[in-house]
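So the chains spell out like this:
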Amino acid sequence: MNNQKLAVLVLNDVVVFPNNEVRIEYNDSFEKASIDYADSTEDKYLIIVNPIDSNYVVDVTSLPSFGVLGQIKLKLTVPNGKTRVVIEGIRRVEVANYFYQDDFYQANIKDIFMESNDDEKNYYNLLMKSLDKYIEKTPYMSNAIISQLDTVETLDELCDLIGSFLPVDYEKKKQYVLTVSPVERAHLLIEDMNEELKFLELERKIESEVEQEIEESQKEYFLREKLRAIKRELGDINSKEDEVESLKKRLSKLKCNYKVKEKIRNEISRYEAIGSHSPELGMVRDYLDWMLHLPWNIYTKDTNDLVKVESILNTSHHALEEVKSRILEYLAVKQNTNNLRSPILCLVGPPGVGKTSLALSIANSLGRQVAKISVGGINDEAEIVGHRRTYVGANPGRIIQGIRKAGTANPVFIIDEIDKMTKDIKGDPASSLLEVLDPEQNSKFSDHYIEEEFDLSKVLFIATANYIEQIPYELRDRLEIIELTSYTEYEKLDIAKNHLIPRALEEHGLTSLQVQVDDDAILAIIRYYTKEAGVRELDRMIASLFRKIVKKTLLEKEQVFYHIKENDLETFLGKRKFSYETTGKKNEVGVVNGMAYTAFGGDILPIEVTMFPGKGELILTGSLGEVMQESCQIAFSYIKANAVFFAIDDAIFKNDIHIHFPEGAVNKDGPSAGIAITTALISLFKNQAIANNVAMTGEITLRGRVLEIGGLREKVIGAHRAGIRKIILPKENKKDLEEIPDELKKEIKFTFVENYDEVYQKLFKC
Ligand code: ADP
C-alpha cells in the first residue's frame, strides 16, 4: 500500500484504534467530501488522523505523521439529514505527505515495519496482569471486550484493545494511537491502568460509604412512607400539601401578635421546603404543633361576684373558715387594685387537708380553666423553661405544657410540691420558677423551646407545699402563705358527713335512701382504718365501702337498705388496721412520750432509755438528725450538772446510757424533744415511771430553760388521737392554745412551763 493516495478524515474528538470500529455521524462538507471520496473507491480505504492540537487545524502542518488506515463498512443517510458511517480501523500507517485537493485533505501513506523483540513478550505478560486486576475491579466490564481478549495475539493488538476501552480522555487516547512502539504504548497503558485502579478503589470506597448512608436514609424514608401510606389508608393524614394548607388555615385563625405570626409563617415555609425524609421535618412539625395550639390571647372572663365565689368554696370545703376568708380577701384585693405586684398564693399543710381541691374550687368559682403541674423532685431548670430546640427530643417546659392543656392564657395554675424541688449542677429550678411567678417579669415569659414571649401575667398561680421551711427562701419571700392544718377527728367526721359521703354516694350511683352510715361507724373508720392528717384515706375508705355495697346490691338483685353501723365495718372493710390509742398499756421506767410533727400530721414520739455498766458513754439510735443528737447531749449534761437537785447518785453516770427513738428507720430531727429526753433519763436514773397518758414537747437549754416549739396544733391533735390526756408545753406556746379545737381542750389537761424544774416538780414530786 506504499505511496497509495488516500482521503484523510480529520477527527477532532474520536480516536479510531486498529481492529476497532467507530460510528460517526456528520454533515460537515469537509468530512463529507473525504468520506464520499473514500466510499467511491473500490477498497473504501481512508486514513484517519487526529490533529496535533485538537482545537486548531489550519494546514497540513497541524496534522500528525501517523494515522490509522480505516475502511468504510457502512454508509447511510439518517432521517435528520446527517450521514452515518461505520469505519473499521485496520492498522497504523505513516503519512509520507499530506496535500489538499478537491476540497479535502489527502495523503500518501507508508506501511510501518517494526521488528518484534523480547521486551514485547514481557510487556505482554505485564499488561495482562494489570488487565486482570483491572477487570477484577470493574465487574461491569462488557463481555464483548473480554471475549475479544481471546483473539488477541500480539502486544500491539493487546495495547490497542485496551486503549480502546480504557476510560481515559481523548488526549490520552490520541497519545496511544500516536505511540507507534507497542512496548512504549504498553508502558503508558500499564501506568494509566494503575492510575485508573487507584481511582476505582477510591471510588468504590466512597461509593460504599455513600451507599451505606443512602441505605440508612432510604430505609428510614421507606418506613416513613409506609407509615404515611397506612395512615393515609386509615384516613389519619392527608398529603403534605393538605397539611400545610391546614397549618396555614389554623394560623389565620390564631389570635397571636404579629411577631409570633411571622415566626409561625416562616416555620411553615420551612416545613414546606424540607424533604419528606429529612429528620428535621418532624422537629419543625412538632414546633408548629406547639405554636399553633398555644392559647395566645385567649382569656376567660372572671366572675367578679365574690359572694358566689364564697358560696362555691363553702359548698366544696367544710370548715377552713380562716383559710377561705384569707382567699376571699386576696381575691378581693386583686380584683380591686389589679395590682401586678400582689403575691402568689401558697397553700401549706400536710397531705390530704384540701390544698389542691381548694385551688380547684377557686378556679371553679372564678370560672377559670385549670393547669396543674408538680415540681416535686425537679432538679433541672429545663423542666420549667424548656429545652432549646436544638436538643434532640426537645420540648417546652412544664409551664407552657400546663398552659396548652388549660387552653387559656389566664387559668388558675396549680404548682404542687413547691417545697420538694432540688438544686444541683443542672441549675436551680427555684430561680426559674421565680421568673415565672414574678408578675413584673412574667408578661414576657420566654420558654427556651417556644422562643417567642408568652404573657403569663393574667395567670392566677397557686402553689402548694407540705413544709414552709423547705420552700426555697427566695420563693417564700414572694408567696402569700396560707396554712392549712390537720383535722381533728370530729372535723373529719363533719367533712365525711357533709362532703365525702354525699359525693361518694353520687359517684357510686347510690342515694341516702339506700345507704346510711352511722356517725359511730364513720368515727370508727377514722380511728381504726386511717392514720392521717387530712381526709384522703378516709375518702378512699368511704369509696371502698360504697363499692362493696354496690356490688352486693347488684349480686343480690334486690333493693335493700343498708344501715352501716360500727359492727358492720369488718364485713365491708376487713380487719381494723390501726389501734386507736397507741400509748403503751403499762407505765414503764425510762419510757416517755415526746410529740412529733410528721408528713402525716402530729403523732406521739415515744423515747426509750436504758443503761448498763460501761464507761459513761451516751449511745444514740433511731435515725437522729444532728440537732436531735445535740438535744440528747444537752439533756444528759443538764442532768449531770444538776444531779444533786434531782437527787441522782453520781455513780450512775459511770454506766453507758442508750437513748432510742423507735421506728428507727424514720428520720427524726429538731430540738423539740428536749424536755421529753430529759424526763426519760431522770425516770431511768430515779427508777420512777411516768404515766403513759402524759406527753410533752419543748426545747431545753443547758440551764434548763424550756423554749417555744412549732406545729402545736398538729402535735396536740396527734397526741389526743394516741390517747394522751395530759400535755406539758413551753409557756411561750400558751398563745397558740386558741388554735386547738375546743373539743380537745375539754379532754386534755395542759401544763405550761418556763423551766425544767417545773416539769420535775410536776412529774417526780407528786
Ligand atoms: P392536698 O392537696 O392537701 O393533699 P386534696 O386537696 O387532694 O389534699 O384533698 C384530698 C381530698 O380531701 C379531696 O377529695 C378533698 O375534696 C377532700 N377534702 C379535704 N379537705 C376538705 C374539706 N375541708 N372539706 C371537704 N373535703 C375536703
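Note that the structure is a prediction, hence the values are computed from the model and not measured. (Residues numbered from 1 in each chain as written. Predicted model: local features only at pLDDT ≥ 70, side-chain atom pairs only at ≥ 80, totals over all residues. Heavy atoms only, no water.)

**Student:** Just give me the short version of the packing of aromatic side chains, but keep the residues and values in it.
**Tutor:** For the structure on display, the rule yields 18 aromatic pairs. Summarising the aromatic geometry, the rings of Tyr-562 and Phe-572 are spaced 6.5 Å apart at their centres and angled 85° between planes, so their arrangement reads as edge-to-face. Taken as a pair, Tyr-562 in strand β15 (residues 562-564) and Phe-572 in helix α20 (residues 569-573) lie far apart in primary sequence, 10 residues in all. Phe-572 shares its class with Tyr-562; the two are buried. Ring centres of Phe-653 and Phe-685 lie 5.5 Å apart, and the angle between their planes is 90°; on these two criteria the pair is classed as edge-to-face. Here Phe-653, found in the loop between α21 (626-641) and β19 (655-660), pairs with Phe-685, found in helix α22 (residues 674-685); they are 32 residues apart in sequence, far enough to count as distant. Of the two residues examined, Phe-653 and Phe-685, each falls in the buried class. One aromatic cluster in this structure is built from Tyr-638, Phe-645, Phe-646, Tyr-756, Tyr-760 and Phe-764. The ring of Trp-290 has Arg-404 sitting right over it, with the charged end atom 4.6 Å from the ring centre. (Phe/Tyr/Trp six-rings, centres within 6.5 Å; stacked < 30°, edge-to-face > 60°. Helix = DSSP H or I, 4+ residues; strand = E, 2+ residues; numbered from the N terminus. Buried < 20%, exposed > 50% of the residue type's maximum accessible area, 1.4 Å probe, protein only. Lys NZ or Arg CZ within 6 Å of the ring centre and 35° of its normal.)

**Student:** Please set out the site of the ligand residue by residue, giving values where relevant.
**Tutor:** Among the 19 residues in the neighbourhood of the ligand, the closest are listed as Gly-352, Lys-355, Thr-356, Ser-357 and Arg-536. A distance of 3.3 Å separates an oxygen atom of the ligand from a polar backbone atom of Val-353. Here the ligand has 560 Å² of accessible area as a free molecule, and 90% of this is covered by the chains. Every element with two or more residues in the shell around the ligand is listed here: α12 (355-366), α17 (489-507) and α19 (536-556). Residue composition of the shell around the ligand, by class: seven nonpolar, eight polar and four charged. Per-domain counts for the shell around the ligand show at least three residues from each of domain 3 (306-483) and domain 4 (489-573). (Near = heavy atom within 4 Å. Polar contact = N/O pair within 3.5 Å; in protein donor to acceptor, adjacent residues only side chain to side chain. Areas by Shrake-Rupley, 256 points an atom, 1.4 Å probe, with all protein chains shown as cover. Nonpolar A, V, L, I, M, F, W, Y, C, P; charged D, E, K, R; others polar. Domains from an automatic or database assignment.)

**Student:** Tell me about α17, residues and numbers included.
**Tutor:** For an α-helix, 3.6 residues make a turn, and residues three or four places apart therefore share a direction. Within α17, the axis deviates most sharply at Ala-496, by approximately 45°. Of all the residues in α17, the buried ones are Glu-489, Lys-492, Leu-493, Ile-495, Ala-496, His-499, Leu-500, Ile-501, Ala-504 and Leu-505. Buried residues belonging to α17 abut α10 (306-316), β14 (515-517), α18 (519-529), α19 and α23 (712-721). Two residues or fewer past α17, Gly-509 is found with a positive phi of approximately 65°. (Bend = angle between axes of the 7 residues up to and from the residue. Contact = heavy atoms within 4.5 Å.)

**Student:** Describe α18, with residues and values.
**Tutor:** Burial of α18 is extensive: nine of the 11 residues sit out of reach of the surface. Along its buried surface, α18 packs onto α17, β14, α19, β15, α20 and α23.

**Student:** So what about the sheet that holds strand β9 (residues 412-416)? Which residues, and what values?
**Tutor:** Strand order in the open sheet formed by five strands is β8-β9-β12-β7-β13, with parallel pairing between adjacent strands. Taken across any chain shown, the strands that pair with only one partner, and hence form the sheet edges, are β8 (370-374) and β13 (479-483). Across the sheet, the mean angle separating the axes of adjacent strands is 20° when strand polarity is ignored. Where β9 and strand β12 (residues 460-465) come together, four bridges link them in parallel fashion. Counterpart to Val-412 in the pairing with β12 is Leu-460. Sheet strands touched by helix α11 (residues 321-337): β7 (344-348), β12 and β13. Its angle to β13, the strand with the most contacts, is close to 155°. Sitting on the sheet, helix α14 (residues 398-406) touches β8 and β9, and the angle it makes with β8 is about 150°. (Pairing = 2+ DSSP bridges. Axes fitted to C-alpha atoms, helices over the stretch in contact; angles between N-to-C directions.)

**Student:** Give me the lowdown on the side chain of Glu-532, citing residues and values where you can.
**Tutor:** Mapping Glu-532 onto the fold places it in the loop between α18 and α19. No salt bridge is formed by the buried Glu-532, whose closest oppositely charged neighbour, Lys-492, lies at an N-O distance of 5.1 Å. At 2.9 Å, the side chain of Glu-532 forms a polar contact with the backbone nitrogen of Leu-538. (Lys, Arg positive; Asp, Glu negative; His and termini not counted. Salt bridge = Lys/Arg side-chain N within 4 Å of Asp/Glu carboxyl O.)

**Student:** Give me a negative patch on the surface: which residues, what numbers.
**Tutor:** Together, Glu-322, Glu-469, Glu-483, Glu-738 and Glu-739 line one region of the surface with negative charge. Of note, Glu-469 is situated in the loop between β12 and α16 (473-476). (Patch = residues over 30% accessible without salt bridge, like charges linked within 9 Å, V, L, I, M, F, W, Y side chains within 5 Å. Charge placed at Lys NZ, Arg CZ, Asp CG, Glu CD.)

**Student:** I'd love a proper account of the pattern of salt bridges, names of residues and values included.
**Tutor:** Taken as a whole and judged by the stated rule, the model has 44 salt bridges. For the salt bridge of Lys-458 with Asp-455, the shortest nitrogen-to-oxygen distance reads 3.8 Å. Judged by its relative accessible area of 24%, Asp-455 is partly exposed. Between Lys-735 and Glu-708 there is a salt bridge, with its nearest N and O atoms 2.5 Å apart. Linking Lys-735 in the loop between β23 (726-730) and α24 (742-747) with Glu-708 in the loop between β22 (706-707) and α23, this pair joins segments that are 27 residues apart in sequence. Salt bridges sharing partners connect three or more residues here, namely Lys-263, Glu-267, Arg-270, Glu-280, Arg-389 and Glu-451.

**Student:** An account of the domain arrangement of the protein is requested, with residue identities and associated values reported.
**Tutor:** Each assigned domain of the protein is listed here: domain 1 (4-111), domain 2 (238-293), domain 3 (306-483), domain 4 (489-573) and domain 5 (591-764). Distance from the C-alpha centre of domain 2 to the C-alpha centre of domain 5: 67 Å.

**Student:** Got a sec to walk through unusual backbone geometry? Specific residues and values, please.
**Tutor:** Across residues other than glycine, the phi torsion is negative in most instances, and most of the peptide bonds are trans. One non-glycine residue, Ala-319, adopts positive backbone phi at about 55°. With respect to the element layout, Ala-319 can be found in the loop between α10 and α11.

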